Structures are given as C-alpha cells and as structure tokens.
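# Architecture and fold: a report
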Amino acid sequence: MLFNSFEFIFIFLPITLLVFFWIGKRNHHEIAISWLVLSSILFYGWWNPAYTIIILFSMLFNYAFGVMLGSRGKSELHKLLFVGIVINLGLLGYYKYTNFLIDQVNYVIGSSFYIEKILLPLAISFFTFQQIAYLVDAYRHETKEYNFLHYCLFVTFFPQLIAGPIVHHKEMLPQFVKNTVYKINYEYLSLGLMIFTIGLFKKVILADGVAIYATPVFNIAETGNVLTFFEAWGGALAYTLQLYFDFSGYSDMAIGVASMFGIKLPVNFNSPYKATSIIDFWRRWHITLSRFLRDYVYFSLGGNKKGAPRRYLNLFITMVLGGVWHGAGWTFVVWGILHGVYLMINHAWRKIRYSTFLNNNDVGIFEIVITRVITLLAIIIGWVYFRADTVTGANNILLTMSGYNGISLPVMMEQKLGSLAAQLYAYGFIFDGMFGGSSADFGEGSKLIVLLLLVSVGMPNTQQICAADGLNFRALITKYPCLSGGITGCVFFYIFTHLTAEAEFLYFNF
C-alpha cells in the first residue's frame, strides 16, 4: 500500500488511528499494540499477501535468537550470532541476488542456467538490517526487553516498514510502554498531519513532476543513441532532484504518520545537497543506513583503530557493501566504489587541510561554496550510475555530460555568432539544438529543474520548518489551530487534485 494512494489516505490511516486510540482510551494497551501489528501486516501484505510469510518467519526467528543471545553464556554466543546473521543474509541474498549471480555465472563460463525471475519482497533489505542490528545488540547484552508483541511492532510498524528509517530497538521499544502513546494528542496529530502533507507534496507534485524529464534521457542512453550535452545534464539533474524529493517526501510522511500515533521516529534525511563534503553528505542522506553501516560494518572491520591504510580500506569495503545493499547490479557496485573512493579522498584531504601549515586558516565563504559545488557534482555523477540500468548506459550519459559528444547550441546562434562560431566548433561546440534527442520538453523542464535545485540547496527543510525554535509551526498549531488547519487543508486539496496516478517510492525497490 502506498502512502500516496486513496486507500491509505482515506481508509487505512483513519481507521487504524481511530481504532488504536479507541482501544487505548480503555487502557487495553496490549490489545492496541496487537491492532497496530495486525494493521501493519495488512499494510505490508497489500502488495503481495504471500510475502507476509517471509516477514513473519523473519520476526519469529530473530526474536527467538535474540532471546537466546540475551540469556546464554558467552561461550555459546559467537556461534549463535554467526548462525543468526548467516540465515538473515541468506534469506536476503536468495531473494535479492540469486538471479544476478546466475547471470554472472552464465556470462563468465558461457553456461545457460535459468530460473524464473524471483520477485523481491518489499522492505526485505530494511527489516533484515534492522533485525541483524537487534541480534548484535542482544549478543552484546544491550537489549533490555523481550516482550514479543512489542518486538513485532518494532519490526512491522508501518510508517517506517517499507523504506526506513532503519530504527534501533532502544529508540522504539521504550516508547511502546508509555501511557501517553495510547491517548490522542491533538498537537502531535496536527503536527503529524502537517508533516505528512509536506511529504506528500514533495512526492506527488515535486518528485513525480520532475521524473518525466529523467526517464526519457536514461532510456535513450541505454539504447546507445547520442544525447545532446544539455539533455544529458537535464536528465542527470532531473533524477538527482526526483530521488531527493521522493526520499525526502517518504521520510517526512513516515515521521508525520508516526507522530499521529505519538511515536517519534529518528530523522533520516537532513538537506543532503547542502553538504560541504561527502562525509557531511552521508551524515545527512539516509542517516539511519549510514549509522548501521558505521556501527555494524565499519567498526566491525576495525574502523580507524588499525592505521590509516586499513582505515581507508575499511571505508571502501563499507561503501561497496552499502552499494550492493541497494541492489543487485554492477551499477550499484560502481556507485558504492565511487562513494568509497570519495570518502577516502575526503578523509585524506581533511588530514591535509587541518595539518600544521593550514590549521590556522579559517573556513571562508569561498571555500564553503567551492566544497558544496564539488560535493554536489560528485553526488550527481554517482546518481547517474545509481539510476542507469547498465554501466554502459551510465557511461554514455557521463561522456555526453563531459562534452565528449560536443556541446549543442541552437542553430540560429551560428549565424549570429559569425566568425566566433568557427572557433567554438574547434572547442567541441555544435549547432543543432540544445534539446533534440529526448522526448522530454526541457524547454519547460529546465525551469522546474532550476527551481527545485535552488530549493534543495537553499531552503529550510521540514525539520527546520516544524521545529519549535524554527519557523514556529508548533506555535501556529497551538495558538491558531484553525489557521494552521486551513493552510494544511488547502495544500492537501491541491495535492488531492493531482492524485490521479499512484507512483511508487524509489526506495520501495531496495
């Protein structure tokens, strides 16, 4: 079920909320939790009911192993943890990587092994990582509670189930025992509805609105046909913005819906295109995934405790694994490699930048602008591989973006430039139109791309808008509920008029 669907907005969410608080008001807290678990399983099974078996098995298995890890002696823990992690990764690997691995074997040895396409269950990457973290924490004896019903809600809670955030048990389980969660809080409800509406606007109006300028470009690149310089840049920027507002929108909606239930989810998205370095980017983009990779992969490999060369290797391995986590394909491997190299260079530069002879240099506005531009360019290059179906298709776009196929300008400019046109020819400029190969109308699309780019790098984000010390929307809700409700209602009505087609969130595929 999609957050941007009529079924979710007008049926599922209102009924789930009303019944939860109706039960909670009567102090039947465990029954209220049970209702929320059943509702979450229904939400998950809406796409394919058969795959509810997988998440139920995963839940039962990991809960049982977590209890054993938390109660056994140290001599038995290593083997139990190893078995638990292997089974989790084995389940994930079967559904996510089997077809890809068979294709690679066929390519290398020239065989023709074939199995039917294995459909990827929704959210398997998210709930698998979430529960691996739980097992590791149980192994470390950091888990304090073993209430099975609460554990089920920790895994299945529908606002964060499909595309994160990857929540930690100590962030969620303590909230389920608070009496205040089961009593309706109109401030949380209003704030949650406002945040949900902001996220819905980002998805339906902004992300889906700019997507039409990305898809044709990447499709043409896969066929091997030549794009123009501006089309390649337009397509790459369009996808960069589509992914930004799509994921940002989902993150807002998840936090907004959870807030309606009185549950606080961790922030998972914090204006990543404002980053001044790749290190900063990964502290802002998919924050909970970065946290998982740091705490359970990078630190497990030794982190930065074994010298600089080993530290760089650990960074590289961690990011390659992060790329593979996103999908079974060489494009994701290349994307992970790129970010691994980016981080190695970034850490090496920081060591030089803050060495003795540069230590006294304050970071000025010029350096901030330069580092933000370089960081964003590096991110855009990575997103081209992330979005492309093949490495060849991504390379076609990047070569064109570099000017390898010439920089196309309108034909009428050739006559106006006169002798200068000949000089421009020598530098790779051609005169056959800026936008000629794709079906996207970049004449109009360029305005939207520029606008959204400015919003993503210059405007306050949802957390800043809705913070008590930010633009004071909380005060607006408290002091002027009718005004805040009216604003939210008007925005929602505008979105409603555009809810003609339901588009999946991009992170649903991971």
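See the structure printed just above.
A brief look at the structure comes next. (Residues numbered from 1 in each chain as written. Predicted model: local features only at pLDDT ≥ 70, side-chain atom pairs only at ≥ 80, totals over all residues. Heavy atoms only, no water.)

## Here's the deal with the pattern of salt bridges
The cut-off we apply is this: Salt bridge criterion: a side-chain nitrogen from Lys or Arg within 4 Å of a carboxyl oxygen from Asp or Glu. Working definition: with a 1.4 Å probe on protein chains only, accessible area under 20% of the residue-type maximum means buried, over 50% means exposed, and in between means partly exposed.
For the structure shown, the criterion picks out seven salt bridges. Between Arg140 and Asp137 there is a salt bridge whose closest N-O contact spans 3.9 Å. We classify Arg140 as partly exposed; its relative accessible area is 39%. Connected through salt bridges with shared partners, the residues Lys203, Asp208 and Asp246 form a single ionic network.

## Describing a nonpolar patch on the surface
Counted only if it meets this: Note on patches: the residues involved have over 30% relative accessible area and no salt bridge, like charges join within 9 Å, and the nonpolar side chains Val, Leu, Ile, Met, Phe, Trp and Tyr join within 5 Å. Shrake-Rupley sampling with a 1.4 Å probe provides the accessible areas, and residues are treated as covered by the protein chains on show and by no other component. A run of H or I in DSSP counts as a helix once it spans at least four residues, and a run of E counts as a strand once it spans at least two, with each numbered from the N terminus.
The grouping of Ile365, Phe366, Ile368, Val369, Ile370, Val373, Ile374 and Leu377 at the surface amounts to a nonpolar patch, some 740 Å² of accessible area in total. Inspection of the secondary structure puts Ile365 in helix 16 (residues 365–387). Under the relative-accessibility criterion, Ile365 is labelled exposed at 65%.

## A look at the nonpolar core
Among soluble globular proteins, nonpolar side chains are generally buried collectively. What counts here: Only buried residues count toward a nonpolar core, which is a set of Ala, Val, Leu, Ile, Met, Phe, Trp, Tyr and Cys residues joined through side-chain atoms within 4.5 Å.
Among the nonpolar cores identified, the biggest contains 143 residues, and Phe8, Trp285 and Trp383 are the most heavily contacted of them. Of the residues forming this core, the biggest block, 17 residues, is contributed by helix 11 (residues 229–260).

## Points about empty space enclosed by the protein
As a reminder, the rule being used: Using a grid of 1 Å spacing that covers the protein atoms alone, one calls a set of points a cavity when a 1.4 Å probe fits there but cannot get out, and a pocket when the set is open and has protein on both sides within 12 Å along at least five of seven lines; lining residues are those with an atom within 4 Å of a point. Grid points are joined across faces, edges and corners, and a volume is the space filled by probe spheres set on the points. We call Asp, Glu, Lys and Arg charged. Ala, Val, Leu, Ile, Met, Phe, Trp, Tyr, Cys and Pro are nonpolar, and the rest, Gly among them, are polar.
Scanning the entire structure with this criterion turns up two cavities of 30 Å³ or more. What the largest cavity holds in volume is close to 70 Å³. Every residue along the wall of the largest cavity is listed here: Gln130, Ala133, Ile166, Val167, His168, Arg291, Phe292, Asp295 and Tyr296. Sorting the residues of the lining of the largest cavity by element identifies helix 5 (124–139) and helix 13 (287–298) as the ones contributing at least two each. At four residues, helix 13 tops the list of elements feeding residues into the lining of the largest cavity. Partitioning the lining of the largest cavity into residue classes produces five nonpolar, two polar and two charged. Each pocket or cavity is described by its volume, and for the second largest cavity that value is around 30 Å³.

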